[in-house]
Amino acid sequence: MLGSACDRGILDPVGPVGQAEKTILINSTAIMLAIIIPTMIATVAFAWWFRRGNKKATYLPDWEYSGAVELVVWSIPALTIMLLGGITWIGSHDLEPSKPLVSDKPALNVEVVSLDWKWLFIYPDQGIATVNRLVVPQGTPVSFRLTSGTVWNVFFVPQFGTMIYTMPRMQTRLNLQADRPGTYGGLSAHFSGDGFPGMEFKAEVLPPDQFAMWAQGARGQGAALDAKGFAELSKPSSYVKPMTYGAVAPGLFDAIVANKAPPPQQLPHNPQAESPAG
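What comes next is a walk through the structure. (Residues numbered from 1 in each chain as written. Predicted model: local features only at pLDDT ≥ 70, side-chain atom pairs only at ≥ 80, totals over all residues. Heavy atoms only, no water.)

Brief notes about the overall build of the protein chain
Scanning the protein chain for helices and strands turns up five helices and 13 strands. In terms of overall size, the protein chain is more extended than a compact globule, its C-alpha atoms giving a radius of gyration of 26 Å where 278 residues would be expected to give roughly 19 Å. Buried residues in the protein chain amount to 40% of all 278 residues. Restricting to contacts in the protein chain with at least 6 residues of sequence separation, those with at least 24 account for 70%. In the structure as shown, the protein chain presents an accessible area of about 15800 Å², 63% of it carried by carbon and sulfur atoms. Positive and negative charge centroids in the protein chain, built from 20 and 21 side chains respectively, lie 5 Å apart. (Helix = DSSP H or I, 4+ residues; strand = E, 2+ residues; numbered from the N terminus. Rg over C-alpha atoms; globule rule 2.2 N^0.38 Å. Buried < 20%, exposed > 50% of the residue type's maximum accessible area, 1.4 Å probe, protein only. Contact = heavy atoms within 4.5 Å. Areas by Shrake-Rupley, 256 points an atom, 1.4 Å probe, with all protein chains shown as cover. Lys, Arg positive; Asp, Glu negative; His and termini not counted. Charge placed at Lys NZ, Arg CZ, Asp CG, Glu CD.)

Overview of the sheet that holds strand β12 (residues 243-245)
Across the sheet, six strands lie side by side as β8-β5-β1-β2-β3-β12; this open sheet has mixed pairing. Each edge of the sheet is formed by a strand with only one pairing partner; in this case those strands are β8 (172-176) and β12. When strand polarity is set aside, the average angle formed by the axes of neighbouring strands in this sheet is 25°. Alignment of strand β5 (residues 142-148) against β8, held across five bridges, turns out to be antiparallel. When the bridges of β8 are listed, V142 appears paired with L176. Most of the contacts of helix α3 (residues 208-218) go to strand β3 (residues 128-131), to which it runs at about 100°, and overall it touches β1 (108-115), β2 (118-123), β3 and β12. (Pairing = 2+ DSSP bridges. Axes fitted to C-alpha atoms, helices over the stretch in contact; angles between N-to-C directions.)

As for the packing of aromatic side chains
Counted by the stated rule, this structure contains 14 aromatic pairs. Arranged with centres 5.9 Å apart and planes meeting at 65°, the rings of W119 and F201 form a pair that is edge-to-face. Of this pair, W119 sits in strand β2 while F201 sits in strand β10 (residues 200-206), and the two are 82 residues apart along the sequence. Of the two residues, W119 and F201, neither departs from the other in class, the shared state being buried. Through pairs of rings, three or more aromatic residues link up here, namely W119, F121, F144, F155 and F201. (Phe/Tyr/Trp six-rings, centres within 6.5 Å; stacked < 30°, edge-to-face > 60°.)

Describing the packing of helix α1 (residues 16-49) against helix α2 (residues 67-94)
Direction vectors running N to C along α1 and α2 enclose 175°, while the axes themselves pass 10 Å from each other. It follows from the interaxial angle that α1 and α2 lie roughly antiparallel. Contacts between α1 and α2 involve I24, N27, S28, I31, M32 and I35 from the former and I76, P77, T80, L83, L84, I87 and G91 from the latter. Of the residues contributing to the contact of α1 with α2, the split by class is nine nonpolar, four polar and no charged. (Parallel < 35°, antiparallel > 145°, perpendicular 65-115°, else oblique. Nonpolar A, V, L, I, M, F, W, Y, C, P; charged D, E, K, R; others polar.)

Following this line, the structure appears as structure tokens:
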């Protein structure tokens, strides 16, 4: 069942990026616990040993220095910082968001636009677009270009890994991959106004043949996303139901980044389709 993998969070990753970030999280926690746990044990042990009724405890009112103590209290934190710094350094380079993933399959291009308060996903190679529904093929790298049509926002599918900002008149890049079919929760991770609670979407991972069938079936069906359609879609609305556009004006994403309306295009349009403002 596609819905069987819903909303299990960052500790149940479905792709290489999410798995690598889970490993970093676990390793970093283990390193920090190496200080936290001994410190907690030592606190209890010191309080018990130096209690008033313990005649064996040595009282040294003039004690002021111990080389062994200094070595411990400085070397262990320094070693911890070095280990955490090494993990961060390596992870920052290996998981650079704009770095393409190594794969024998060509990447799927997806353009992401955050709006008030919904997500627009444009598939430039397929000539289609969706709202609040991200569909990707299993085991295939996905190359995202992201921007915002309104205010700053953050794109995040926890089980895919790596949240990233979307900013008006700027574009960011992100490369992810999902290796397990299912439906996963996506969200906005940055407060953006009254409709923020409803700014969620579903990320569906389909086997490659099913994804190809879905894209082919979506092409030419429903409304066309041109300048007029985008202007209508841009109006503030929340808890928007997923919808699909069967055609997209070429260069729409670049026009949004440049804060310009795309040029008029003759796009296939289904006159029976409902208005995209729904």
